[in-house]
Amino acid sequence: MELGLGDLSALFHCSWPRWQPALWPTLAALALLSSVAEASPGPAPRSPATREGPLVPVRALGLGHSSDELVRFRFCSGSCRRARSPHDLSLANLLGAGALQSPPGSRPVSQPCCRPTRYEAVSFMDVNSTWRTVDRLSATACGCLG
């Protein structure tokens, strides 16, 4: 007997392992997730505090190390306006209305700052062929602090 596309009897002649039915929900969920990820339009939204990481000369770091190497210096940047607390909002309103005067030579900040929340060490070789490590140099995570 030749099996065609509409003949389902071929499925009943296959011997499926006992664990196969339990695997189908997992496979179906993975297929659904991958199709949603592929169909998502545009890039994922960025958080207010983001991490950048250009290559910079070790000498440019200003830490006194003599090296001709380049290292990846990751830093945090971005706006944290959406993370403002009631204090930040009130301070901005009071300063804007002239109800508060900032002390001479200072400038109150009425919003959180984008700052590193975790760091990593960076290693490089100096001009004397000695390995150097600078702890807490490069940001590994950023957040809105303040």
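This is a predicted model, so every value here is computed, not measured.

## A closer look at the state of the cysteines
Thinking step 1. In total, this model carries two disulfides according to the counting rule given.
Thinking step 2. Here C80 is linked by a disulfide to C144, with a sulfur-sulfur distance of 2.3 Å. With the S-S bond torsion at -85°, the cross-link from C80 to C144 turns out left-handed. Of this pair, C80 sits in the loop between β4 (75-77) and α3 (86-97) while C144 sits in strand β6 (residues 131-145); the two residues are 64 residues apart in sequence, bridging distant segments of the chain.
Thinking step 3. Taking relative accessible area as the criterion, C80 reaches 1% and is therefore assigned buried.
Thinking step 4. No disulfide involves C113; its nearest neighbouring cysteine sulfur is the one of C80, lying 7.3 Å away.
Thinking step 5. In this structure C113 comes out as partly exposed when scored by relative accessible area, which is 36%.
Thinking step 6. In this structure C114 is a free cysteine whose sulfur lies 4.8 Å from that of C76, the closest cysteine sulfur available.

## Overview of the pairing of β6
Thinking step 1. Across 11 bridges, strand β5 (residues 113-125) lies against β6 in antiparallel orientation. The residue bridging F124 from the neighbouring strand is R132, located in β6.

## Re the nonpolar core
Thinking step 1. Grouped together as the largest cluster of nonpolar side chains are seven residues: V56, V58, V71, V122, F124, V134 and L137.
Thinking step 2. Every element with two or more residues in this core is listed here: β5 and β6.
Thinking step 3. Excluding residues within four positions of it along the chain, V56 makes contact with L61, E69, L70, V71 and F73.
Thinking step 4. The next biggest cluster of nonpolar side chains, apart from the first, holds six residues, and it includes A49, C76, C80 and A139.

Parameters at a glance
- All residue numbers refer to position in the chain's written sequence, counted from 1.
- Since the coordinates come from a predicted model, pLDDT governs what is reported: local features require at least 70, and pairs of side-chain atoms require 80 or more to be given and counted, while whole-chain, interface and lining totals use all residues.
- As a rule here, side-chain values cover all heavy atoms of the structure and leave hydrogens and water aside.
- Put simply, a disulfide is two cysteine sulfurs that come within 2.5 Å.
- In this description a helix means any DSSP run of H or I spanning at least four residues, a strand means any run of E spanning at least two, and both kinds are numbered starting from the N terminus.
- Only protein chains enter the accessibility calculation, which uses a 1.4 Å probe; a residue whose area is less than 20% of its type maximum is buried, one above 50% is exposed, and one in between is partly exposed.
- Strand pairing is defined by DSSP finding a minimum of two bridges between the two strands.
- What makes a nonpolar core is a set of buried Ala, Val, Leu, Ile, Met, Phe, Trp, Tyr and Cys residues whose side-chain atoms join them at distances within 4.5 Å.
- Pairs of residues are marked as contacts when any of their non-hydrogen atoms sit within 4.5 Å.

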